[in-house]
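Chain and residue survey
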Amino acid sequence: QYFVLVGISEDIPYEVFAGKNGFVDKKVKKGTITKLGRPKGVYKAVLEDGLELSPINATCTAEEDALTRMTSLSLRHGADIHMVVQQLERVKGDMHCFAKSMARALKKYIPDGAKEEGSCPECEESNLMRQEGCIQCANCGWSRCV
C-alpha cells in the first residue's frame, strides 16, 4: 500500500509525492509540504496529525521516485490533470499498484463533467464522464466505482 500527497498551488494540483505506507493514517487529509534548502530537491511534509515525513520520498524506489517527479513536472507545466490520470490508470497492474494509487488520489481534482473516452459497458453509448472522481455514464447511470 502507498501514501500519496498532492501539493496544491492556486487551488490546483501542482506536485505529487508518494511512497510505501505503513505509517500515514488514512484519516489524514491535510498537511503542509515544504521544500528544504539543503540538500537540493528535498521536501518534507508535516501532516495534520503531527506526523513529519522528511524526506517525503524516503520509502520510494528509484522507479517510484521517477514517476512522482515526472507527474509533478507535467502538472507544473500545465498538463491537463485529466490526461495525467488517464495515463496513470492505463499502467499495467492491479488497483493497488503505485501508478493507480497516484491516479486515485489525483482524479479527485478532475472537474465534474469532464468527458471520458470509450463507451459504456452497459448501454454502449459514448456518454462517459467524471463525477466525483469516478467514471459514470450520463445515459444510463452506470458507474465504474459501484
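Check the entry above for the structure.
One structure accompanies this document, and this report is about it. Remember, predicted model here, so these are calculated numbers, not experimental data.

Some thoughts on the sheet that holds strand S4 (residues 43-47)
Strand order in the open sheet formed by three strands is S3-S4-S5, with antiparallel pairing between adjacent strands. Each edge of the open sheet is held by one strand with a lone partner, namely strand S3 (31-35) and strand S5 (52-53). Judged from the two bridges that link them, S4 and S5 form a sheet pairing that is antiparallel. Residue Ala45 lies in a different strand from S5, and its bridge partner there is Leu53.

What about the state of the cysteines?
Inspection of every chain in the model, using the stated rule, returns one disulfide. The disulfide partner of Cys134 is Cys145, and the gap between their sulfur atoms is 1.9 Å. On the sign convention where negative means left-handed, the S-S torsion of about 125° between Cys134 and Cys145 marks this disulfide as right-handed. With Cys134 in strand S7 (residues 134-137) and Cys145 in the segment after S7, this residue pair connects regions lying 11 residues apart in the sequence. Free of any disulfide, Cys97 has its nearest cysteine sulfur in Cys60, 14 Å distant. Using a relative accessible area of 16% as the deciding quantity, one classes Cys97 as buried. Take Cys123: it sits in no disulfide, and the sulfur closest to it among the cysteines is that of Cys137, at 3.6 Å.

Procedures and definitions
Residues numbered from 1 in each chain as written. Predicted model: local features only at pLDDT ≥ 70, side-chain atom pairs only at ≥ 80, totals over all residues. Heavy atoms only, no water. Pairing = 2+ DSSP bridges. Helix = DSSP H or I, 4+ residues; strand = E, 2+ residues; numbered from the N terminus. Disulfide = S-S within 2.5 Å. Buried < 20%, exposed > 50% of the residue type's maximum accessible area, 1.4 Å probe, protein only.

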